[in-house]
Amino acid sequence: MTSRQFDVVAMGDAIVDVIATCDDAFIAEHGLPKGQMQLLSPVDADRLYAAMGSARESSGGSAANSMAGVAAMGARAAFIGQIADDQLGAIFTHDMRALGVAFDTPPIPADGLPTGRCLILVTPDAQRTMNTCPGASHELAPAALDEALIRGSAILFLEGYLWGPEKPRAAMRRAVEIAHDAGNKVAFTLSESVCMAGRKEAFNAMLDTRGVDLLFANEDEALQLAGRSDLDAAIESLSARVPTLVITRGPAGALAVDEGRRAEVPAVPVASVVDTTGAGDLFAAGFLAARCKGHDVERCLFTGALAASEIISHFGARPVADLQELVKL
């Protein structure tokens, strides 16, 4: 992997996170699915944003968060995602580059769809309710791909949030072809959304054709994708179709089946859980960074758990502590 220009290049939603705190009454008043993610139209996003309290903005998106973590741990990261030529697009570009992530996807004109945004509301129990307006991010097309970048990256990392719309799905499929033709690995995170109606079948077909080398899922996603009610049965089904399967289990830790060998680690304890936004994203970042450094699967799992513990100890989906010092890869 060290011969490549980058360790990981990710494809995902180019989103600006807008994070604010609220109480449960606000969630109920606006009919929001607490602790879950929903898609909003630009009009509905404007309406909710107007009702929110004081907020902080930063570049976001599941895979983009992961690349910020990968870079923070000392690995070489790049990102492919569609923005618009507008203010939020400029914020996203500046943030990613400032974090050490290579990002050069050309923006689409500002008179079309705006740069995507995710309105994240954090309640006192640290649950985050995500309200996403994808905007320009779902306009990512195969023509926007930097094929040399994909060929020059040891791992191509794809996020499930982008798997739904046909245009970015086609771009992902093309990227998988490029990566595998170059002898690189493909990792995929289910991102909660891939198991929704209309996505599960296409993704299972991708697994059946060995399109994915490393799959990230949480327990619920694994059960849905495998069509099982028992976790061990889901693990058996999925691990037969992907060389490396990684399942996060929240406070119960995480496990992996790597080339038929199972490993588990406990969650890393934290003094106080403040905000769970980005926990899965940073877990994936830790696992990928450790794998790119040549560590075994147990160390990869532990690094993911360490990175996740840092992110849930404060607001926001980007690390505050020195992750490179924390994980010591």
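Residues numbered from 1 in each chain as written. Predicted model: local features only at pLDDT ≥ 70, side-chain atom pairs only at ≥ 80, totals over all residues. Heavy atoms only, no water.

Under an unreviewed UniProt entry, the name given to the protein chain is Adenosine kinase, and the source organism is Sphingomonas ginkgonis. Under the Sequence similarities (unreviewed entry) heading, UniProt states for the protein chain: "Belongs to the carbohydrate kinase PfkB family." (UniProt positions renumbered as here; feature names shortened; annotations may be inferred.)

S.K.: Let's hear about the overall build of the protein chain: which residues, and what values?
M.R.: Each helix and strand counted, the protein chain has twelve helices and 14 strands in total. Compactness check: the protein chain gives a C-alpha radius of gyration of 18 Å against a globular reference of 20 Å for 329 residues, within 12% of the reference. Once the C-alpha set of the protein chain is aligned to its principal axes, its extents read approximately 50 × 45 × 40 Å. A burial count over the protein chain gives 56% of its 329 residues as buried. The long-range fraction of contacts in the protein chain, counting pairs at least 24 apart against all pairs at least 6 apart in sequence, stands at 75%. Entry remark: accessible area of the protein chain is about 13,000 Å², with carbon and sulfur atoms responsible for 52%. (Helix = DSSP H or I, 4+ residues; strand = E, 2+ residues; numbered from the N terminus. Rg over C-alpha atoms; globule rule 2.2 N^0.38 Å. Buried < 20%, exposed > 50% of the residue type's maximum accessible area, 1.4 Å probe, protein only. Contact = heavy atoms within 4.5 Å. Areas by Shrake-Rupley, 256 points an atom, 1.4 Å probe, with all protein chains shown as cover.)

S.K.: Lay out unusual backbone geometry with the relevant residues and their values.
M.R.: You will see that glutamate 259, though not glycine, has its phi angle at about 55 degrees, which is positive. Within the secondary structure layout, glutamate 259 lies in the loop between strand S13 (254-258) and strand S14 (261-265). Given a relative accessible area of 63%, glutamate 259 falls into the exposed group.

S.K.: Outline the sheet that holds strand S7 (residues 116-122), supporting the account with residue identities and numerical values.
M.R.: Taken in spatial order, the five strands line up as S3-S8-S7-S2-S4 in an open sheet, and their pairing is mixed. Two strands in the sheet have a free side with no partner beyond their single neighbour: strand S3 (37-39) and strand S4 (56-60). Ignoring strand direction, the axes of neighbouring strands in this sheet form an average angle of 25 degrees. Pairing analysis gives seven bridges linking strand S2 (residues 15-21) to S7, with the strands arranged parallel. When the sheet's bridge partners are listed, aspartate 17 is paired in S7 with cysteine 118. Contacts from helix H4 (residues 87-98) reach S2, S4 and S7, with the element oriented near 65 degrees to S4. (Pairing = 2+ DSSP bridges. Axes fitted to C-alpha atoms, helices over the stretch in contact; angles between N-to-C directions.)

S.K.: So, the sheet that holds strand S6 (residues 102-103): which residues are in play, and what are the values?
M.R.: For sheets, the rule is that strands pair by backbone hydrogen bonds, running either parallel or antiparallel. Strand order in the open sheet made by the nine strands is S6-S5-S1-S9-S10-S11-S12-S13-S14, with mixed pairing throughout. At either end of the open sheet lies a strand with only one pairing partner, and these are S6 and S14. Against the sheet, helix H6 (residues 166-181) touches strand S1 (6-11), strand S9 (153-159) and strand S10 (185-189), its axis set at about 160 degrees to S9. Of the strands in this sheet, strand S12 (244-248), S13 and S14 touch helix H11 (residues 297-311), which is tilted by about 30 degrees from S14.

S.K.: Describe in detail the nonpolar core, supporting the description with residues and values.
M.R.: Within the largest apolar cluster, 50 residues are counted, with the highest numbers of intra-cluster contacts made by Met67, Phe79, Phe92, Phe157, Phe216 and Leu301. The element that contributes the greatest number of residues to this core is helix H10 (residues 279-292), accounting for ten residues. With 41 residues, the next largest nonpolar core counts Trp163, Ile178, Met206 and Ala222 among its residues. (Core = buried A, V, L, I, M, F, W, Y, C linked by side-chain atoms within 4.5 Å.)

S.K.: Quick rundown of the environment of leucine 140? Include the residues and the values.
M.R.: With respect to the helices and strands, the residue leucine 140 is situated in the loop between strand S8 (128-133) and helix H5 (147-151). Given a relative accessible area of 0%, leucine 140 falls into the buried group. Sequence-wise, leucine 140 and proline 107 are 33 residues apart; in three dimensions their C-alpha atoms are separated by 9.9 Å. Once residues lying within four places of it in the same chain are set aside, the contact partners of leucine 140 are Met11, Ile80, Gly81, Gln82, Thr105, Leu162, Lys167, Pro168 and Ala171.

S.K.: Could you give me a rundown of the packing of aromatic side chains, with the residues and numbers involved?
M.R.: Any two aromatic rings considered together are summarised by their centre-to-centre distance and by the angle between their planes. Taken as a whole and assessed by the stated rule, the structure comprises eight aromatic pairs. Within the aromatic cluster, the residues linked to one another by ring pairs are Phe79, Phe92 and Phe103. (Phe/Tyr/Trp six-rings, centres within 6.5 Å; stacked < 30°, edge-to-face > 60°.)

S.K.: Give a description of the pairing of S10 that names residues and reports values.
M.R.: Counting buried positions over the five residues of S10 gives four, a clear majority of the element. For S9 and S10, the ladder comprises five bridges, and the chain directions are parallel. Residue pairing in the sheet places phenylalanine 157 in a bridge with alanine 187 of S10. Read as a crossover between parallel neighbours, the route from S9 over H6 to S10 is right-handed. Relative to strand S11 (residues 214-218), S10 is paired through three bridges, and the arrangement is parallel. Looking at S11, one finds that threonine 189 is bridged to phenylalanine 216. (Right-handed = clockwise from strand over helix to strand, strands pointing away.)

S.K.: Describe the pairing of strand S5 (residues 77-80), with residues and values.
M.R.: A two-sided burial pattern is seen for S5, the buried positions comprising Ala77 and Phe79 on one face and Ala78 and Ile80 on the other. The pairing of S1 with S5 spans four bridges and is classified as parallel. Counted as the bridge partner of alanine 10 is phenylalanine 79 from S5. As for the winding sense of the linkage, the β-α-β connection from S5 through H4 to S6 is right-handed.

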